[in-house]
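Each chain, written out:
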Amino acid sequence: MLADLVDLDRHPIHQDGPARDALIARCRTDLEADGMFNLDGFFRADAIAQTLAMAEPLWAEKSFTHQRRHNIYFKKSVPGLSDDHPALKLHDTTNHTLCGDLLQDTPVATLYYDPTLAQFLSDVMETGPLYPMEDQLAAFNVMAYHTGEALNWHFDRSQFTITLLLQKPDQGGGFEYRTDLRSADDPNYDGVAKLLNGEDDGAKLMTVEAGTLNVFKGVNTAHRVTPVEGDTARIITVMTYYDHPGARFTPEEQMGFYGRTG
């Protein structure tokens, strides 16, 4: 069944041997150099089409519109910074989220729960075992961005972020990022301010095609999705794994991200 979802000829994540070893080595090299790796054409076109078709009737009544004005830290204040510090500049984010509990029969769900993917990611990132979340709201989401909508500058809470693009917009909707803008020892507030003012030459803008699996170090890499332009929405899946089984968001976190608990 995995072969129906993933192009295993191009991306042999399933079978131990030289081809898989070479793929892992390439991904590690890209992670070291760029803070991310991409696997183009990873998710098959038929699997994408089936997922989008199953999601389509759910957007109008089941999706949660996440709309907020926030700083890069998603915090009201940061100890040691004045409220008017340029690193706390406010931005707008808007997207529409379908939670994983609504999409359990989709090809995306099959991929997420297949241990082959988790094992491959674990081997690339050398994290030890990775486990799907018990929380079906948060385990994987499908998010849409329509014209004028964007996911603005932020850092992720998790060390690595795993996404799968399902639909590319007509224009815009690019992934802009600044690798290793901060570290565990240095928050680099002045560097953050420089980025937010558009003065950081280290920022890069990337666009990928539908079906691309992207993995990046989101905890210290500032990133955003630029505003979408045109009639075609940007639709992406975000998949979350933990280093222990049974992970769940708190009810407060569920309400904040999804507008409901479960």
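Quantities reported herein were computed from a predicted structural model and do not represent experimental measurements. (Residues numbered from 1 in each chain as written. Predicted model: local features only at pLDDT ≥ 70, side-chain atom pairs only at ≥ 80, totals over all residues. Heavy atoms only, no water.)

(A) Structural detail: the packing of helix H2 (residues 18–34) against helix H6 (residues 115–125). Put simply, H2 and H6 touch, their axes get as near as 9 Å, and they point 55° apart. Considering the angle they form, H2 stands oblique to H6. The element H2 and its partner H6 pack so that their crossing is right-handed. Seen from H2, the contacting residues are Arg 20, Leu 23, Ile 24, Cys 27, Arg 28 and Leu 31; seen from H6, they are Gln 119, Phe 120, Asp 123, Val 124 and Met 125. (Axes fitted to C-alpha atoms, helices over the stretch in contact; angles between N-to-C directions. Helix = DSSP H or I, 4+ residues; strand = E, 2+ residues; numbered from the N terminus. Parallel < 35°, antiparallel > 145°, perpendicular 65-115°, else oblique. Left-handed = near helix turned anticlockwise from the far one by under 90°. Contact = heavy atoms within 4.5 Å.)

(B) Representation of the pairing of strand E7 (residues 161–167). Counted residue by residue, E7 has six buried out of seven residues, so it is predominantly covered. Bridging between E7 and strand E11 (residues 213–216) involves four bridges; their strand directions are antiparallel. Counterpart to Leu 164 in the pairing with E11 is Leu 213. Bridge count between E7 and strand E14 (residues 234–239): five bridges; the pairing is antiparallel. The residue of E14 that forms the bridge with Thr 163 is Val 238. (Buried < 20%, exposed > 50% of the residue type's maximum accessible area, 1.4 Å probe, protein only. Pairing = 2+ DSSP bridges.)

(C) Representation of helix H3 (residues 45–55) within the structure. Among all positions of H3, only Ala 47, Ile 48, Thr 51, Leu 52 and Ala 55 are buried. Take H3 and look down its axis: the buried residues cluster within an arc of 130°, on one side only. For H3, the exposed residues lying more than 90 degrees away from the buried face are Ala 45, Asp 46 and Ala 53. Where H3 is buried, its residues touch helix H1 (2–5), helix H4 (59–62), strand E3 (91–99), helix H5 (107–113), E7 and E14. (Arc of directions from axis to C-beta.)

(D) Spatial organisation of the packing of aromatic side chains. Evaluated as defined, the whole model comprises 11 aromatic pairs. Relative to Tyr 113, the ring of Tyr 112 has its centre 4.8 Å away and its plane inclined at 80°; by these criteria the two rings are edge-to-face. Judged by relative accessible area, which is 0%, Tyr 112 ranks as buried. On the accessibility criterion, Tyr 113 (31% relative accessible area) is partly exposed. Ring geometry for Phe 249 and Phe 257: centres 5.8 Å apart, planes at 35°, overall tilted. (Phe/Tyr/Trp six-rings, centres within 6.5 Å; stacked < 30°, edge-to-face > 60°.)

(E) A look at helix H7 (residues 189–196). Three or more residues of H7 are buried, namely Gly 191, Val 192, Ala 193, Leu 195 and Leu 196. Summarising the contacts, the buried residues of H7 are in contact with E3, strand E6 (151–154), strand E9 (175–178) and strand E12 (222–225). Two residues or fewer after H7 comes Gly 198, characterised by a positive phi angle close to 75°.

(F) Just the pattern of salt bridges, in detail. Taken as a whole, this structure holds 13 salt bridges when the rule is applied. In this structure, Arg 69 engages Asp 92 in a salt bridge whose closest nitrogen and oxygen atoms are separated by 3.0 Å. Within this pair, whereas Arg 69 is found in strand E2 (residues 64–70), its partner Asp 92 is found in strand E3, the two being separated by 23 residues in sequence. You can call Arg 69 exposed: its relative accessible area is 52%. For Arg 178, the salt bridge is made with Asp 200, and the minimal N-O distance between the two is 2.9 Å. Here Arg 178 is found in strand E9, whereas its partner Asp 200 is found in the loop between H7 and strand E10 (204–206), with 22 residues between them in sequence. Asp 200 sits in the buried class, given a relative accessible area of 15%. (Salt bridge = Lys/Arg side-chain N within 4 Å of Asp/Glu carboxyl O.)

(G) Representation of the environment of Pro 129. Here Pro 129 is to be found in the loop between H6 and strand E4 (131–132). The class of Pro 129 is exposed, set by a relative accessible area of 53%. Ignoring anything within four residues of it in the chain, the contact list for Pro 129 reads Ser 122, Tyr 242 and Asp 243.

(H) Looking closely at the sheet that holds E12. Strand order in the open sheet formed by four strands is E6-E12-E9-E10, with antiparallel pairing between adjacent strands. Each having just a single partner strand, E6 and E10 make up the two edges of the open sheet. Sheet twist, expressed as the mean angle between neighbouring strand axes with direction ignored, is 15°. Bridge analysis of E9 against E10 gives three bridges, and the strand direction is antiparallel. Following the sheet pairing, Phe 175 is matched in E10 by Met 206.

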